[in-house]
Amino acid sequence: MVKLTLPDRWLEEDLPGWEAEKKTAADLLERVRAGEPKYHGSLGWLHTQSWAGDDALERLSALGAEIRSKAGILVLIGVGGSNNAARSVLQALKPQGMEVLYAGNSLSPHALNELLERIEGRQVFLNCIAKNFETLEPGVAFRVLRLWMERRYGTQEAARRILCTGTPGSSLEELCTRRGYAFLPFPTDIGGRYSALSNVGLLPMAAAGVEITRLVKGARGMEALLWEAPPEENPALLYAAFRDYLSRRGYRVELLSSFEPRLRWFYKWWEQLFAESEGKDGKGIFPVTGEFSEELHSLGQFIQDGFPMLFETFLTVAEPGAGDRLILPADRDTGDGFDYLEGMDLWQVNRTAFSATLQAHGERLPCAVLELPRLEEESLGALFYFFQFACYLSCRLAGVDPFDQPGVEAYKQRMFQGLGRP
Ligand code: PA5
């Protein structure tokens, strides 16, 4: 199970303030557990059974296997919440089922041309995911790629290789009906960034060979814990209270750091979840990420010595998995100065770098640690549920709506005007 450790020293500086913060969070948790009617239409993710029950998992696993049998490459079209969760799992676990390429997450012609070159001559399947089929990036990519599929396979076979995930009744569903593409519902009661444990995140994961039943098992374990644990032992409540407590004391930036580069895309998922949910009405904590040890050689200077606006959450992995060990070989008398490492496991060297960084940063800024037992399906499922739940609580403590994103409209309106959209 994921384990949270908070830096008591920093919280004890204003112990009555911390106790009051936890009490506020505990009262909120009670209201959340009772069900907040205002957010009813956005809470479909709160009970994993709703969109990731056993039947759904069986169906999605079978559909994933069918996709895998038809193609060597899955092109996943989507942006933000529509593809971040799947990409974070695929990049972390690197399953061997099929190659997944990403489109519709930028407007770069170079990126799309490069993708078209990479799929040339390969067997391809498309999954276009768009909740609101007005977003420009997936809209453009889907047009280019479905026409490429029709040229490549002919209309009938292309239709058998294209599957969309969208809002029932949307123009995307109409397009699917007209062209004969398969269509899966994007849950109407879940927003993009909370959709990891639904058709949106789980289908591409299943197609790529991730054991989605294990992933959802981890999420269910976390769900049970967060619904049952008393406030003092509830990690999501404590993390949300910790964030709010610090933000009210001027710590306006949270750095999520880890010493495992495979978590790079997980950072992006986390960043989107918190930035888009919490940054509104002039409030919120700005989420940034630290990819260590590399960025200790850049961000590290600012973290240790710069303007004190940061707090840090380390995401760490307790046990090595397959491919996580490497014993450093002997090469004596070369004078390279690294003989003292001979025979050490690089896993342990990396852990030592983590402990040293935690110690050094911990002297300067509040540092929490979130430890996963291993980097595997169960842990990632648990993390999705943990962060979604904690984000909901954090937003409510900050006094903002966790589920809307009015700020992203400003640039969109100007862009659509510039492009002459009717
Ligand atoms: O979390 C959200 O709601 C957003 O980040 C969306 O996922 C993102 O904007 C993509 O939206 P859509 O799938 O409607 O194109």
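Structural data are supplied above this passage.
Residues numbered from 1 in each chain as written. Predicted model: local features only at pLDDT ≥ 70, side-chain atom pairs only at ≥ 80, totals over all residues. Heavy atoms only, no water.

Student: Got a minute to help me understand the overall build of the protein chain in this structure?
Tutor: Across its full length, the protein chain carries 17 helices and 10 strands. A compact globule built from 422 residues would reach a C-alpha radius of gyration of about 22 Å, and the protein chain, at 23 Å, matches this within 12%. If you line up the protein chain on its principal axes, its C-alpha atoms span 65 × 65 × 45 Å. Across the 422 residues that make up the protein chain, the buried fraction comes to 52%. In the protein chain, the share of contacts with a sequence separation of at least 24, taken over all contacts with a separation of at least 6, comes to 78%. When the accessible surface of the protein chain is split by element, carbon and sulfur atoms take 52% of a total near 19,200 Å². (Helix = DSSP H or I, 4+ residues; strand = E, 2+ residues; numbered from the N terminus. Rg over C-alpha atoms; globule rule 2.2 N^0.38 Å. Buried < 20%, exposed > 50% of the residue type's maximum accessible area, 1.4 Å probe, protein only. Contact = heavy atoms within 4.5 Å. Areas by Shrake-Rupley, 256 points an atom, 1.4 Å probe, with all protein chains shown as cover.)

Student: Would you mind going over the packing of aromatic side chains with me for this structure?
Tutor: One pass over the full model with this rule turns up 30 aromatic pairs. Ring geometry for Trp45 against Tyr392: centres 6.1 Å apart, planes inclined by 80°, an arrangement best described as edge-to-face. Taken as a pair, Trp45 in the loop between α2 (15-34) and α3 (48-52) and Tyr392 in helix α16 (residues 377-398) lie far apart in primary sequence, 347 residues in all. For Trp45, a relative accessible area of 4% translates into the label buried. (Phe/Tyr/Trp six-rings, centres within 6.5 Å; stacked < 30°, edge-to-face > 60°.)

Student: What is the right way to read the sheet that holds strand β1 (residues 3-5) from this model?
Tutor: By way of backbone hydrogen bonds, the strands of a sheet pair with one another, either parallel or antiparallel. Read across the open sheet, the five strands follow the order β1-β10-β9-β7-β8; overall the sheet is mixed. At either end of the open sheet lies a strand with only one pairing partner, and these are β1 and β8 (286-291). On average, each strand axis in the sheet is inclined to that of its neighbour by 20°, with strand direction left out of account. In terms of strand pairing, strand β7 (residues 253-258) meets strand β9 (residues 310-317) through five bridges, oriented parallel. Each residue of the ladder has a partner; that of Glu254, found in β9, is Phe311. Sheet strands in contact with helix α12 (residues 235-247) are β1, β7, β9 and β10 (367-372), and its direction is about 155° off that of β9. (Pairing = 2+ DSSP bridges. Axes fitted to C-alpha atoms, helices over the stretch in contact; angles between N-to-C directions.)

Student: Help me out: how do you make sense of the environment of Glu137 in this one?
Tutor: Mapped onto the elements of the fold, Glu137 is located in helix α7 (residues 136-153). As a C-alpha pair, Glu137 and Pro204 span 67 residues in sequence and 19 Å in three-dimensional space. Ignoring sequence-local partners within four residues, the contact set of Glu137 consists of Gly104, Asn105, Ser106, Leu107 and Tyr411.

Student: Sorry, what's going on with the sheet that holds strand β2 (residues 73-77) here?
Tutor: Taken in spatial order, the five strands line up as β3-β2-β4-β5-β6 in an open sheet, and their pairing is parallel. If you trace the sheet from one side to the other, it starts and ends with β3 (99-103) and β6 (182-185), each paired once. Pairwise comparison of adjacent strand axes, ignoring direction, gives a mean angle of 20° for this sheet. Where β2 and β3 come together, five bridges link them in parallel fashion.

Student: How should the pairing of β3 be read in this particular structure?
Tutor: Looking along a regular strand, one sees side chains alternate from face to face of the sheet. With four of its five residues buried, β3 lies for the most part within the structure. This β-α-β element, β2 to helix α5 (residues 84-93) to β3, shows right-handed connectivity. (Right-handed = clockwise from strand over helix to strand, strands pointing away.)

Student: Can you walk me through the pattern of salt bridges in this structure?
Tutor: A side chain of one charge can pair with a side chain of the opposite charge if their charged atoms are brought near each other. Enumeration according to the criterion identifies 28 salt bridges in this entry. Between Glu99 and Arg122 there is a salt bridge, with the nearest N and O atoms lying 3.4 Å from each other. With Glu99 in strand β3 and Arg122 in the loop between α6 (109-119) and β4 (124-130), this residue pair connects regions lying 23 residues apart in the sequence. Look at Glu99 and you get partly exposed, because its relative accessible area is 29%. Shared partners join several salt bridges into a network, and the residues in it are Glu211, Arg214, Arg374, Glu376, Glu377 and Glu378. (Salt bridge = Lys/Arg side-chain N within 4 Å of Asp/Glu carboxyl O.)

Shape is all these values report; function is a separate question.
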